[in-house]
Each structure stands twice: as structure tokens, then as C-alpha cells.
Amino acid sequence: MPTTGSCCLCSTMNAIVALCHFCELHGPRTLFCTEVLHAPLPKGAGDSHGQGEQAEEEEGGIQMSSGTCTHSPAEGAGAESSSPGPKKSDMCEGCRSLAVGHPGYISHDKETSIKYVSHQHPSHPQLFSIVRQACVRSLSCEVCPGREGPIFFGDEQHGFVFSHTFFIKDSLARGFQRWYSIIAIMMDRIYLINSWPFLLGKIRGIIDELQGKALKVFEAEQFGCPQRAQRMNTAFTPFLHQRNGNAARSLTSLTSDDNLWACLHTSFAWLLKACGSRLTEKLLEGAPTEDTLVQMEKLADLEEESEGWDNSEAEEERAPVLPEGAEGPELTKCPTDSSLLSDCDSWQPRKLSVFKSLRHMRQVLGAQSFRMLAWHVLMGNQVIWKSRDPDLVLSAFEVLQTMLPVGCVRAVPYSSQYEEAYRCNFLGLGPHVQVPAHVLASEFAVVVEVHAAARSSLHPAGCEDDQPLSKYEFSVTSGSPVAVDRVGPTILNKIEAALTNQNLSVDVVDQCLICLKEEWMNKVKVLFKFTKVDSRPKEDTQKLLSILGASEEDNVKLLKFWMTGLSKTYKSHLMSTVRSPMTSEPRN
């Protein structure tokens with residue numbers, strides 16, 4: 001990361017979000033844009049701490065400042081000649097967002113030392129050219145059918161653009177509406193495409209709020225002075241001469257919101273921050289594990305499903321971004337606190353009555369009950385938890401699932417009815433949900449019932465915070481209890497040895513568990529290729545199991561169950577080598 005600002009788009013910013021407008025007099029124009037600066041601001045672009053109108057608010061790690069110094073270092077007495085933006089003579093009210101001399105807006109992200117700067121145009125000529133070209137294309141040639149909706153375009157030289165065009169009602173405009181677009185420009189095409197569902201939902205929310213405000217103003221104006229009848233009476237008068245000087249109206253006038261640009265700044269700044277933090281890159285050393293491959297396949301499936309989302313589904317996660325009742329230029333309230341940040345608000349602190357680790361669960365349930373439960377988990381049998389507390393059930397499943405490969409987990413965290421074992425091997429139920437009798441008597445299921453502990457067994461009041469699970473009693477039952485003297489699968493014995501070793505911290509135990517799973521998944525891969533791909537006889541399979549150290553009955557059952565967790569990538573790779581055997585034969 002360079003320590004000084006650069007003129008290259010890919011080095012000075014992750015993205016630029018801009019609001020554009022098609023002016024009837026001047027064509028496509030950029031109204032307002034927010035860019036990301038990773039380096040210190042240019043000379044003269046610091047904060048204006050002396051301005052009385054400055055207001056700061058911290059929201060989600062971002063410190064908002066409504067009053068800043070001039071956005072471009074060239075602004076001042078000779079700014080008009082050196083600024084990359086259009087000249088004042090080429091701008092009308094509809095083309096201008098901030099008033100002449102307005103300092104713009106800046107937000108500080110304390111967590112990352114990133115600044116989000118908003119003004120009418122980017123300060124650097126190259127960035128201005130990129131945004132200008134994207135603006136023109138979004139409001140001319142790159143338009144979806146109906147002229148309203150999202151579209152993607154761009155190239156490696158000028159960046160890639162997500163554009164969403166829309167109309168704003170205006171009683172004085174031709175056709176009673178004006179044309180706008182919100183664009184997001186990135187140099188990373190893959191990142192922008194992966195962010196499509198997120199950007200579509202959030203930008204659609206901003207657009208809906210703008211259109212809603214403008215519609216109220218439009219209806220009020222039409223009620224007071226209907227324009228349609230007046231235009232019908234003057235149908236033969238040239239349109240350009242009958243508008244009485246009202247050809248250009250600012251967006252603040254159309255929405256009747258004087259705090260519009262400050263609110264858009266916070267919305268765009270949050271959008272850039274959230275879009276940048278929702279996707280992260282990980283450096284993988286060596287070949288990916290089976291868990292990693294399965295997770296990547298699940299992510300790919302989710303992305304394919306998201307491509308089929310329509311606008312109505314995207315509106316479910318939209319967010320109104322412009323608050324009512326905002327006064328003056330001060331940014332007294334972040335407009336995303338009840339909408340764009342709704343996803344963050346949904347994350348509530350989990351209650352204390354939860355399991356923290358496998359060691360913690362073993363201490364709560366007892367060694368014998370935990371061994372029975374862990375045996376059923378590793379064998380792939382159905383694990384049923386019955387409790388009033390969904391958080392408790394969810395935490396138990398999260399802890400138990402760490403013993404299994406990701407591909408072997410099929411969970412229904414909390415259901416109002418019993419689900420068959422072929423649908424899930426982890427099932428959470430309410431205390432009054434009936435479990436079929438044949439399941440209770442089955443050797444392929446284990447039931448954990450959670451009851452309120454008797455008052456006599458509770459810890460003193462002062463200790464309840466230290467041991468919140470002491471208010472519960474746990475009963476672990478199964479149609480086939482695991483005998484205490486049963487050897488069990490090798491991996492279970494090693495897991496218990498690690499849990500009972502108090503010299504090992506919880507983090508070390510977690511790493512041991514990862515190594516054990518990877519060791520046994522390698523055995524699963526060998527067994528899969530030997531039996532499913534090569535189709536070896538049973539005698540050879542028994543010899544292989546002896547070599548792998550997994551000839552015992554429990555180990556064989558575990559390997560067969562874990563075989564269902566292999567990734568599609570690995571299976572297809574093996575099958576492809578079988579279909580083309582000539583590639584593996586040595587040449588003479």
C-alpha cells in the first residue's frame with residue numbers, strides 16, 4: 001500500500017459510487033460521487049475543525065464529518081480554470097449538487113484509516129475522466145430494456161461499472177420525469193460481479209427512497225397546479241419556450257430535502273465500506289482440504305441461486321437511506337441506521353447459556369454421556385436435541401459439528417416437527433414435539449433432552465453467571481447405548497485424550513481436531529478410490545483397512561459415513577481419470 005496518494009484508480013481506491021443525471025440542456029452529468037482514499041488527503045483537503053456547522057457521528061467504525069475543506073487542491077481563485085469539472089457556465093440547477101464553495105463531505109474509518117470523500121466530481125483528472133465516461137455510457141448506450149434497471153459494462157482500461165438507471169418524478173419536466181443513474185466503478189471485474197446481489201439490493205433501496213420523496217412532491221404540485229391540462233392548452237407552443245425558466249430543477253428541490261447530499265454521502269460511504277468488508281481473500285498454502293472444497297462448492301451453489309433473484313426478492317433487504325426531519329447541513333443522524341445497517345442490527349449478542357467448546361460440553365454432560373453423544377455424531381446417526389432455548393441447541397450443534405467434515409453435516413437447527421434422518425443428522429426440536437417411537441428405540445439415533453434443573457441442584461445465586469448452564473439438566477438416551485468398555489473409533493479416543501489433557505488450551509485442541517479430521521479424510525479418499533473407482537474385491541479391501549489401521553467395525557462405519565462428505569470436485573476428478581485410462585498408462 002503506497003504511503004502517498006496515486007492517480008491510478010486501482011491504487012487510490014477500491015471503488016467509486018456516483019449519482020448521475022441526464023440534463024435536458026447539457027446531457028449526462030455527474031451530480032455526486034464518493035471515493036475511497038487509502039492515503040492521506042491531498043494538501044489543503046484536511047478537516048475544517050473551525051467551522052461551526054461541522055457535526056461528527058460514529059457509526060459502524062466510521063466517523064462522519066459534514067464540514068470539510070475543499071475537495072480539490074486547485075479550488076480557490078483560479079479553480080475554474082484548473083478544475084477537472086465542467087465550467088460554471090456549462091452548469092444549471094439540474095446539473096449542480098453542492099452549492100458553489102461548498103466544502104463537500106468526508107468520513108473517517110477509524111478501524112482501517114480509510115477516508116470516504118464526497119463531492120460533485122473526483123479531484124483527479126484521470127478519475128474524473130473515468131467517472132465521466134461511465135456516466136455518459138450509463139445514461140446513453142448502456143441501458144437495460146425499459147430504461148430503468150441494473151446493467152453491467154466496462155473494460156480493463158476504464159474500469160467496470162454496475163449501473164442502475166431510474167426515473168424521478170418532476171411536474172415541470174418533459175414526460176413528467178427526469179432520468180438518473182447510480183453507478184459503482186471498480187477495476188476488479190470478478191469482485192464487482194460477486195457483489196452484484198448486494199449492490200442491487202442496497203442501491204435499489206436508495207432509489208426507492210428518492211423516488212418516494214419525489215413522488216410526494218410531484219403529487220402535491222399536481223394537486224395545486226395540474227401541468228397536464230396547462231400543456232394541452234399550449235400544445236402548439238414550442239416546448240422549450242413554455243417552461244418559464246423551470247427547465248432545470250435540482251434534486252433537492254424535487255425531493256424537498258435540504259439534507260439530501262449529506263444523507264447520500266453517508267449512504268455511499270457505508271455502501272463502500274460494507275461492500276469492501278463482506279468479501280475477503282484468503283491465502284491458501286498447499287492443496288485445499290476437503291472442507292475447503294465443499295465450502296467453495298456450497299458458495300458456488302448459493303451464487304447460482306442468487307442469479308435468479310428478481311427485484312422483488314432484492315427489495316426484501318433494501319434499506320431506506322434518507323431520514324425524515326433532518327435539519328440543516330449537519331449530519332446529525334446516519335441514514336443507514338435503520339435500513340442499510342439492518343443486516344448488522346440483526347446480529348444480536350448470543351445469550352450466555354451456550355456451549356463454548358467440546359471440552360466445555362464434556363464437562364457439562366459428563367464423560368459417559370458425552371462419549372455416547374460423540375460416538376453417534378461420528379457414526380452419522382441422527383442427533384436430536386429437545387430444548388426451549390434455540391440458542392442453546394444451535395451452540396451445541398456448532399460445537400458437535402467440529403468433529404465432522406463439512407460435507408457430512410446436514411442440520412435443521414430448530415424445527416416444530418420431526419424431520420427424517422435422511423434429511424438431517426442434526427435436529428433441534430421444542431420440548432413438546434413428539435419423536436416417533438421407532439426413532440426413540442433405534443440404534444441409529446440419540447436424543448438429548450434439556451430440562452430445567454431442580455432448585456436444590458442449582459448453584460448459589462452468585463455463581464449463576466459463571467456457570468449459566470447449571471440451570472439445566474441434560475438427559476442423553478439412545479436405543480443402542482455405547483458400552484463403557486467399548487473400544488470405539490480411533491478418532492474418538494484421540495479426541496477424548498486431547499479434551500482430558502488440561503495442558504492443552506482450547507485453541508490447541510481445535511488444531512488437533514483439524515489434523516485428526518484431515519488424517520481420516522485421507523484414509524477415506526484412499527478407500528473411496530479403492531472400492532468405488534477401482535472396484536477391488538472384499539479381500540483386498542480388508543487388507544487395505546488393516547494397512548490403514550481402520551479394520552475395527554466402528555472405524556469401518558466411520559469411513560463409510562465420512563465418504564459421503566467428499567467433495568464433488570474430488571469425485572469428478574477420480575471419475576475423469578477412470579474414463580481416460582490411457583493417460584495414466586506408461587508409454588513404451
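Data block above holds the structure.
Predicted model only: the values in this text are computed from it and were never measured.

A. Representation of the pattern of salt bridges in the model. As enumerated under the stated definition, the model contains 13 salt bridges in all. The shortest N-O distance in the salt bridge between D208 and R204 comes to 2.7 Å. With D208 and R204 both in helix 5 (residues 196-224) and four residues apart, the pair spans about one turn of that helix. The class of D208 is partly exposed, set by a relative accessible area of 23%. Between E419 and R423 there is a salt bridge, with its nearest N and O atoms 3.0 Å apart. The exposed category is assigned to R423, whose relative accessible area is 51%. Among the charged side chains, a network of salt bridges with common partners joins D170, R178, E221 and R249.

B. Spotlight on helix 19 (residues 553-562). The element helix 19 is largely enclosed, with a buried count of seven among its 10 residues. Taken residue by residue, helix 19 has D554, N555, V556, L558, L559, F561 and W562 as its buried positions. Looking at the buried side of helix 19, the elements it contacts are helix 13 (367-379), helix 16 (490-500), helix 17 (506-533) and helix 18 (538-548).

C. Representation of the environment of D155 in the model. Mapping D155 onto the fold places it in strand 7 (residues 149-155). For D155 and D188, which are 33 residues apart along the polypeptide, the C-alpha to C-alpha distance reads 10.0 Å. At 2.6 Å, the side chain of D155 and the backbone nitrogen of H158 are in polar contact.

D. Structural context of the nonpolar core. One finds M361, W385, L400, F474 and W562 to be the most contacted residues of the largest nonpolar core, which totals 59 residues. Counting residues per element, this core draws most heavily on helix 17, which supplies 10 residues. Inspection of this core shows a minimum of three residues originating in each of domain 2 (358-453 + 470-486) and domain 3 (509-579). Counting 41 residues, the second largest nonpolar core, distinct from the first, contains I114, F162, Y180 and A214.

E. How the structure looks around the packing of helix 17 against helix 19. At a minimum axis separation of 9 Å, helix 17 and helix 19 run at an interaxial angle of 80 degrees. Compared by their axis directions, helix 17 and helix 19 come out roughly perpendicular. Two secondary-structure elements touch here, helix 17 through K517, W520, M521, K523, V524 and L527 and helix 19 through N555, L558, L559 and W562. Per-class residue counts for the contact of helix 17 with helix 19 are seven nonpolar, one polar and two charged.

F. The arrangement of a negative patch on the surface in detail. Taken together, D301, E303, E304 and E305 make up a surface patch of like negative charges. When you line up the elements, E303 lands in helix 9 (residues 290-306). Classification of E303 as partly exposed rests on a relative accessible area of 33%.

G. Examining helix 12 (residues 358-365) more closely. Buried residues of helix 12: L358, R359, H360, M361 and L365, and no others. Where helix 12 is buried, its residues touch helix 13, strand 10 (382-386), helix 14 (390-400), strand 14 (472-478), helix 16 and helix 17. Once helix 12 finishes, G366 follows within two positions and takes phi at roughly 100 degrees, a positive value.

H. Fine view of the sheet that holds strand 14. With mixed pairing, the five strands of this open sheet are ordered in space as 11-12-10-13-14. Of all strands in the sheet, those with a lone pairing partner are strand 11 (411-415) and strand 14, marking the two edges. Shown here is a sheet whose adjacent strand axes are inclined to one another by a mean of 15 degrees, direction ignored. Sheet analysis places strand 10 next to strand 13 (residues 445-452), joined by five bridges and oriented parallel. Each residue of the ladder has a partner; that of K386, found in strand 13, is E449.

I. Geometry of the pairing of strand 13. Across seven bridges, strand 13 lies against strand 14 in antiparallel orientation. If you follow V447 over to strand 14, its bridge partner there is T477.

J. The arrangement of the packing of aromatic side chains in detail. Taken as a whole, this structure holds 14 aromatic pairs when the rule is applied. On the numbers, 6.0 Å between centres and 20 degrees between planes, the contact of F166 with Y180 is stacked. With F166 in strand 8 (residues 159-169) and Y180 in strand 9 (residues 177-186), this residue pair connects regions lying 14 residues apart in the sequence. Here the two residues F166 and Y180 agree in accessibility, since each one is buried. Members of the aromatic cluster, connected to one another through ring pairs, are F355, W385, Y472 and F474. Over the ring of W520 we find K523; its NZ or CZ atom is 4.0 Å from the centre of that ring. A cation over a ring is seen here: K525 above Y570, with NZ or CZ 5.3 Å from the ring centre.

How each quantity is defined
- Residues numbered from 1 in each chain as written.
- Predicted model: local features only at pLDDT ≥ 70, side-chain atom pairs only at ≥ 80, totals over all residues.
- Heavy atoms only, no water.
- Salt bridge = Lys/Arg side-chain N within 4 Å of Asp/Glu carboxyl O.
- Helix = DSSP H or I, 4+ residues; strand = E, 2+ residues; numbered from the N terminus.
- Buried < 20%, exposed > 50% of the residue type's maximum accessible area, 1.4 Å probe, protein only.
- Contact = heavy atoms within 4.5 Å.
- Polar contact = N/O pair within 3.5 Å; in protein donor to acceptor, adjacent residues only side chain to side chain.
- Core = buried A, V, L, I, M, F, W, Y, C linked by side-chain atoms within 4.5 Å.
- Domains from an automatic or database assignment.
- Axes fitted to C-alpha atoms, helices over the stretch in contact; angles between N-to-C directions.
- Parallel < 35°, antiparallel > 145°, perpendicular 65-115°, else oblique.
- Nonpolar A, V, L, I, M, F, W, Y, C, P; charged D, E, K, R; others polar.
- Patch = residues over 30% accessible without salt bridge, like charges linked within 9 Å, V, L, I, M, F, W, Y side chains within 5 Å.
- Areas by Shrake-Rupley, 256 points an atom, 1.4 Å probe, with all protein chains shown as cover.
- Lys, Arg positive; Asp, Glu negative; His and termini not counted.
- Charge placed at Lys NZ, Arg CZ, Asp CG, Glu CD.
- Pairing = 2+ DSSP bridges.
- Phe/Tyr/Trp six-rings, centres within 6.5 Å; stacked < 30°, edge-to-face > 60°.
- Lys NZ or Arg CZ within 6 Å of the ring centre and 35° of its normal.

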